[in-house]
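Chains, contacts and geometry: an overview
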Amino acid sequence: MKLCIIKPPLPFGWTPVAPPILEYLAALTRRADPSIDIELYSASATPDVFDTLQCDLAAISLLTPTAVPGYRIADALRARGIKVVLGGMHVSALPDEAKAHADAVVVGEAESVWPQVLRDFRAGSLRPYYRGDRIELDDLPTPLYGLLKHGHDFRILNTARGCPYPCSFCTVNKVFGPKIRMRPIDDVVRDVDAIPGRMYINGDENIWWLGKIDRAIELFTALRGSKKKWMGFGSLAPVLSPEGPRMLDAARKAGMLTVWVGWESMSEGALEAFRADRKVGTDRERAVKTLKDHGIDVSLFFMLGSRADSIDDYQRAIDVADRLGVSMHPSLAVPYPGSELRKQYEPYLYKDLGWEYYTGAYALFEHPDPRMTPDAREKLFYETSLELLRTGRVWKHMLDVPLSGFPHAHILSLMNQLPVRKGMKIAYEKWKAGKRAAREKQALPAIASAR
Ligand code: B12
Ligand code: SF4
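Rules used throughout
Residues numbered from 1 in each chain as written. Chains lettered and ligands numbered in written order. Predicted model: local features only at pLDDT ≥ 70, side-chain atom pairs only at ≥ 80, totals over all residues. Heavy atoms only, no water. Pairing = 2+ DSSP bridges. Helix = DSSP H or I, 4+ residues; strand = E, 2+ residues; numbered from the N terminus. Axes fitted to C-alpha atoms, helices over the stretch in contact; angles between N-to-C directions. Near = heavy atom within 4 Å. Nonpolar A, V, L, I, M, F, W, Y, C, P; charged D, E, K, R; others polar. Parallel < 35°, antiparallel > 145°, perpendicular 65-115°, else oblique. Left-handed = near helix turned anticlockwise from the far one by under 90°. Contact = heavy atoms within 4.5 Å. Buried < 20%, exposed > 50% of the residue type's maximum accessible area, 1.4 Å probe, protein only. Polar contact = N/O pair within 3.5 Å; in protein donor to acceptor, adjacent residues only side chain to side chain. Domains from an automatic or database assignment. UniProt positions renumbered as here; feature names shortened; annotations may be inferred.

**Quick look at the sheet that holds strand S11 (residues 229–233)**
- Reading across from one edge, S7-S10-S11-S12-S13-S14 is the order of the six strands in this open sheet, with parallel pairing throughout. At either end of the open sheet lies a strand with only one pairing partner, and these are strand S7 (155–157) and strand S14 (327–332). Direction aside, the axes of adjacent strands within the sheet are offset by 25 degrees on average.
- Pairing of S11 with strand S12 (residues 256–264), which is carried by four bridges, proceeds in the parallel orientation.

Written out as structure tokens, the structure reads:
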């Protein structure tokens, strides 16, 4: 039996980061049934293989912005007689929608149900729906590194799952639940040693939690022996806690170069509206400076254009980037299915926009400020992104990256900015061309009637 595990193309194209689900689901498969042949496909790297690839069963992992190309791949494979199982964040939020494109869908986490899915497939009795439980993470296999052939250099490692915070825009807390489930530190060290290459990404929602800082320090101390460099997503509140300095020293000594921070919003009002104020904490600028003082570079991720955001927030973002000497990465607010934000925004949603618009580059709902038209929000998003990634600014930022991280942190910073700028420029040109075409189409009947 041959299984293909597929990740549809990401909205802004190829990234050097390997989709973690591919090598991880491969490991769960190998553990469940070592006789299965496995092939992995990251569609951002190999877009042209899906008309010809051969397998008995295809497992496809969907996020909301990849749902439309994912369904297209699923439909094409099924038309050739290949059975398809769908799973992932989007499928967990909308299993009935997904079922229309699949023989079976898996809601939730794979670990507890995947062996059953494989057994049922072999027996010819796939069920339409499976529900994965939130099990403890004390026996996860090491991803099958080496199976993914095509051009992704960075690997992602998870040390925990779950999040107790209530951010309204998020779906992670819905899928993985509110309890933080930590992996045994020995397992994490084993997996870090197995990662090919000398740099990796910690893919946890948060690498340090208030109330669990001792565990973070214990983990970082255990990772000191690996000599690998890494970056991860971290919230700001723990940085300013009494144990913060000890934790940051341990992280730095464990090879941490950069922290990606969910800054989330430019205004305190919008932070509260998103219910993200608790995780961000007070005095966030001081927290960023503290990180940099400990030799850790900082990248801030934030949203623009939500109903609680104002038109001034676009410029405010540029001011913050300059004031703090950090790289900043905006997206327009996205009410993902399954999130609280979607329920709140339901009356204002533009219902004609499909999931392919849920990339963070489109205005998806009405805004109370008449100046914040969809065109204005999208144009300002592109212009702010490109200003934040302007060549002069990117190079000037190199001087702000902590010297103690040289050269890895500097290379990483460039790798996080230059490919994004390229993708953003292309996307902006396409956006402008689309607007021009729409204007010309509108003008045509007027010209025709004038004749
Ligand atoms: C790592 C990561 C990335 C990497 C992706 C690398 C890649 N090449 O795919 C990078 C940094 C590049 C990235 C980019 C983006 N990301 Co991202 N990313 C993550 C992150 C932090 C971790 C993912 C991870 O490590 N998963 C580990 C694997 C094992 O977990 P999993 O995939 O969820 O799988 C489990 C279950 O869901 C299930 N499952 C999943 N698939 C399947 C399939 C089958 C068949 C089965 C049985 C089970 C199953 O079983 C698994 C084990 O239990 C998540 C947040 C999170 N904590 O999940 C966001 C997240 C996935 N990203 C998200 C988004 C939106 C993006 C962007 C589109 C954002 C943007 N506007 O730029 C970009 C796209 C960039 C581009 N180039 O186009 C959103 C998705 C929201 C949604 N509901 O769809 C998330 C959830 C963040 C969030 N808080 O909202 N991302
Ligand atoms: S965005 Fe908020 S709710 Fe979602 S995982 Fe991060 S901290 Fe938790």
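**Examining the site of ligand 2**
- Lining the immediate surroundings of ligand 2 are Cys 163, Tyr 165, Cys 167, Phe 169, Cys 170, Asn 173, Glu 205 and Lys 279.
- Split into classes, the residues belonging to the shell around ligand 2 amount to five nonpolar, one polar and two charged.

**A short note on the packing of helix H13 (residues 313–324) against helix H15 (residues 374–388)**
- For the pair H13 and H15, the least separation of the axes is 10 Å and the interaxial angle reads 10 degrees. As the angle between them shows, H13 and H15 are arranged roughly parallel. Crossing of H13 against H15: the hand is right-handed. Residues Tyr 314, Ala 317, Ile 318 and Ala 321 of H13 touch H15, and the partners they reach there are Arg 377, Leu 380, Phe 381, Thr 384, Glu 387 and Leu 388.
- Looking at side-chain class alone, the contact of H13 with H15 contains seven nonpolar, one polar and two charged residues.

**Regarding the environment of Leu 414**
- Structurally, the position occupied by Leu 414 is in helix H17 (residues 408–450).
- Under the relative-accessibility criterion, Leu 414 is labelled buried at 18%.
- Distance in space between the C-alpha atoms of Leu 414 and Ser 327 is 9.9 Å, their sequence separation being 87 residues.
- The contacts of Leu 414, once residues within four sequence positions are left out, are Val 394, Trp 395, Met 398 and Pro 419.

**Digging into the site of ligand 1**
- In the vicinity of ligand 1 there are 39 residues, among which Phe 12, Val 17, Ser 61, Thr 64 and Thr 359 approach most closely.
- A distance of 3.4 Å separates a nitrogen atom of ligand 1 from a polar atom in the backbone of Gly 88.
- Take Glu 111: an N or O atom from its side chain is 3.0 Å from an oxygen atom of ligand 1.
- Elements that contribute at least two residues to the shell around ligand 1 include exactly helix H1 (20–32), strand S3 (57–61), strand S5 (104–108) and helix H6 (172–176).
- Classifying every residue of the shell around ligand 1 gives 23 nonpolar, 11 polar and five charged.
- Domain assignment of the residues forming the shell around ligand 1 places at least three in each of domain 1 (2–132) and domain 2 (155–430).

**Notes on the UniProt feature "domain: B12-binding" (unreviewed entry) in the protein**
- Within this numbering scheme, the UniProt entry marks residues 2–128 as carrying the feature "domain: B12-binding" (unreviewed entry).
- Helix makes up 35% of residues 2–128 and strand 21%, and the two end C-alpha atoms of the span are 20 Å apart.

**Here we look at unusual backbone geometry**
- Put simply, Phe 406 and Pro 407 share a cis peptide bond, and its omega is -5 degrees.
- Phi at Lys 227 is positive, roughly 65 degrees, even though this residue is not glycine.
- According to the relative accessible area criterion, Lys 227 is exposed, its value standing at 63%.
- Although it is not a glycine, Glu 264 sits at a positive phi angle of roughly 70 degrees.
- Summarising the element assignment, Glu 264 is placed in strand S12.

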